[in-house]
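Fold and geometry: a report
Letter by letter, the chains look like this.
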Amino acid sequence: FRTESDTEVVLRGYMQWGSYCLQMFNGMFAFVIYDRFRKEIFMARDRVGIKPLYYTFQNNWIIFGSDIKTVIASGLYRPEVNWEGLWHNYSFMNAPRPMTSFKDVFALRPGHFMRIDLSTFKITKEKYWGILTYSQDHKMSENEAVDLLEEQLTRSVQYRLTADVEVGTVV
């Protein structure tokens, strides 16, 4: 590595493993990579969707950003209301992804990546992660479950306290 940037880690991971790099990442992210060797655009979003990634296709352009204001600010997209998405936003505080409140603007789903082949303009979306279901151990005692939960929460907090800047909290 030449820098201390997490961006370099993402790029090196993608160069080494392609889309499998997503299995190696632990955290929140949304990124887009233009891969000139594979002649494709690769977009990915973190497992549970903490970081958003919005996109639209307009007149042979793909416009994307971490918020819809960026898509609109491009000047290449004329905002129009998606009434169904707006109804969901007012009813449930969010539209079911990939839907948004804007016509022809979509959110990449959590735990998914998308490839755009620049030779054929074929779009491929793929789920790379999902929440485990039906994996509980029904023979586990309540005390064992409490211990396991405490262990996992402690591990999670300790992991997130690792940073190259000061970490703090306000109570």
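Below or above, wherever it landed, is the structure these notes cover. (Residues numbered from 1 in each chain as written. Predicted model: local features only at pLDDT ≥ 70, side-chain atom pairs only at ≥ 80, totals over all residues. Heavy atoms only, no water.)

Per the counting criterion, the structure on display carries 5 salt bridges. Ionic pairing is found between Glu 40 and Arg 115, a salt bridge with its closest N-O pair at 2.7 Å. With a gap of 75 residues between them, Glu 40 in strand β2 (residues 40–45) and Arg 115 in strand β6 (residues 112–117) connect regions that are remote in the sequence. Looking at Glu 40, the relative accessible area reads 9%, which means it is buried. The exposure class of Arg 115 is partly exposed, given its relative accessible area of 22%. Residues Arg 78 and Glu 80 are paired through a salt bridge, measuring 3.4 Å at the closest nitrogen-oxygen approach. The exposure class assigned to Glu 80 is partly exposed, which follows from its relative accessible area of 33%. One salt-bridge network, held together by shared partners, links Arg 78, Glu 80 and Lys 103. (Salt bridge = Lys/Arg side-chain N within 4 Å of Asp/Glu carboxyl O. Helix = DSSP H or I, 4+ residues; strand = E, 2+ residues; numbered from the N terminus. Buried < 20%, exposed > 50% of the residue type's maximum accessible area, 1.4 Å probe, protein only.)

The next point concerns the side chain of Asp 46. Within the secondary structure, Asp 46 is located in the loop between β2 and β3 (54–58). It is Arg 45 that comes nearest to the buried, bridge-free Asp 46 among opposite-charge side chains, at 5.1 Å. Of the polar contacts made by the side chain of Asp 46, one reaches the backbone nitrogen of Ile 50; its length is 2.8 Å. (Lys, Arg positive; Asp, Glu negative; His and termini not counted. Polar contact = N/O pair within 3.5 Å; in protein donor to acceptor, adjacent residues only side chain to side chain.)

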